[in-house]
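# Working through the structure, step by step
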Amino acid sequence: MAAYLAINRDLRRMNNDSIAALAAETAPEMLWQGPFKQLINTAVEAGFADQRTYVYNGQDVDHQVHLGFDLASTAAAPIRAANRGRVVHAGWLGIYGNCVILDHGLGLQSLYAHLSSIGVTVGEVVESEAELGRSGATGLAGGDHLHFTMLLGGSAITPIDWWSAQWVSDRVLRKLNEAGLPAPGASAE
C-alpha cells in the first residue's frame, strides 16, 4: 500500500510540479491560431475534473482529480498537435508515461500523455495537426489512449473551452485586442 500511495499520490504531485515549472518556458507572444482541435475519431473515456476514489480491501485509500480528457480510438493512433506551438517537453514523465508538452505562448500549453512513441524533440516548432507521436498505455494508463489537457500558467484547465471557435474568439482574442495586445494572424475562423 505504501508503494502504491507513493506512486499515485507523491509521484503524481511531483509530476504536476514538473509540469507547472514548464510554464516559465512560455513564449512572450501567441504562437497559436484559432480554436484548438480535439483529436478526431475518438471516444471520451474520462472527462476533466472527474473525481476518482481508490479502494483497497473495501476502504477508500486515496482520492484524486483527473486533470484532462482521456481520448481513445485505435491502438498506436497518430497523435496530432491541437494547435501550433513549441515543444517544451518530449520524454518520460512518471504517471503520464511518454509525454509531449507544447507551449503556445503567453502561458498557454497543451499536454499529450501515455504515448507509445514520441516523434518530436524539445525546441521544435510544430504546426497544428503535426504528428507528435502515437497513442499508447505508458505511465499509469489502463489501456491505449491519449490523456490530453490544456495548461494555463502551469495549472490544468478544461480543454472544452479551447475547442470552441466561439469561446476562443469572444473570451480570448476579443479581450486581448481590447487590452491593446493584437494577435496578428490569430483568428477563430
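This write-up is about the structure you can find in this document. (Residues numbered from 1 in each chain as written. Predicted model: local features only at pLDDT ≥ 70, side-chain atom pairs only at ≥ 80, totals over all residues. Heavy atoms only, no water.)

### With respect to the sheet that holds strand β5 (residues 78–80)
Put simply, the rule is: Strand pairing is defined by DSSP finding a minimum of two bridges between the two strands. Helix and strand assignments come from DSSP, with helices taken as H or I runs of at least 4 residues and strands as E runs of at least 2, each series counted from the N terminus.
Reading across from one edge, β5-β11-β9 is the order of the three strands in this open sheet, with antiparallel pairing throughout. Edge strands, defined here as strands with exactly one partner in the open sheet, are β5 and β9 (117–118). The pairing of β5 with strand β11 (residues 131–134) spans three bridges and is antiparallel. For Pro78, the partnering residue across the bridge sits in β11 and is Arg134.

### Notes on the pairing of strand β8 (residues 108–115)
The line we're drawing: Only protein chains enter the area calculation, which uses a 1.4 Å probe; residues under 20% of their type maximum are buried, those over 50% are exposed, and those in between are partly exposed.
Most of β8 is tucked away, with eight of its eight residues classed as buried. Summarising the sheet, strand β7 (residues 98–105) and β8 pair through six bridges and their orientation is antiparallel. Its bridge partner being in β8, Gly105 is matched across the sheet by Leu108. Joining the antiparallel neighbours β7 and β8 is a turn of two residues, in which Leu106 adopts a positive phi near 55°.

### Some points on the pattern of salt bridges
Two side chains with opposite charge may pair up if their charged atoms get near one another. Going by this rule: One side-chain nitrogen of Lys or Arg within 4 Å of one carboxyl oxygen of Asp or Glu is enough to make a salt bridge.
Applying the stated criterion across every chain yields a total of seven salt bridges. The shortest N-O distance in the salt bridge between Lys37 and Glu129 comes to 3.5 Å. Of this pair, Lys37 sits in the loop between α1 (2–21) and β1 (43–46) while Glu129 sits in the loop between β10 (125–126) and β11; the two residues are 92 residues apart in sequence, bridging distant segments of the chain. Overall, the relative accessible area of 41% leaves Lys37 in the partly exposed class. What makes Glu129 partly exposed here is its relative accessible area of 44%. The partner of Arg84 in a salt bridge is Glu127, with the nearest N and O atoms 3.1 Å apart. One end of the pair, Arg84, is in the loop between β5 and β6 (85–92); the other, Glu127, is in the loop between β10 and β11, and 43 residues separate them in sequence. Residue classification places Arg84 among the partly exposed positions, given a relative accessible area of 28%. One continuous salt-bridge network, built from bridges that share partners, spans Asp170, Arg171, Arg174 and Glu178.

### Some thoughts on the nonpolar core
For the record, the criterion: Side-chain atoms within 4.5 Å link the members of a nonpolar core, which is a set of buried Ala, Val, Leu, Ile, Met, Phe, Trp, Tyr and Cys residues. Any pair of residues with heavy atoms lying within 4.5 Å of one another is described as a contacting pair.
Core analysis: the biggest nonpolar cluster contains 27 residues, and Trp32 and Tyr112 have the highest contact counts within it. At the level of elements, β4 (69–72), β7, β8, β12 (146–152) and α2 (165–178) are the ones that each hand at least two residues to this core. Looking at which element gives the most residues to this core, the answer is α2, with four residues. If we ignore the near neighbours within four places in the chain, the residues touching Tyr112 are Ile79, Arg80, Ala81, Ala82, Asn98, Cys99, Val100, Leu102, Leu132, Leu146, His147 and Phe148. Membership of the second largest hydrophobic core comes to 11 residues, among which are Val88, Tyr96, Leu111 and Leu151.

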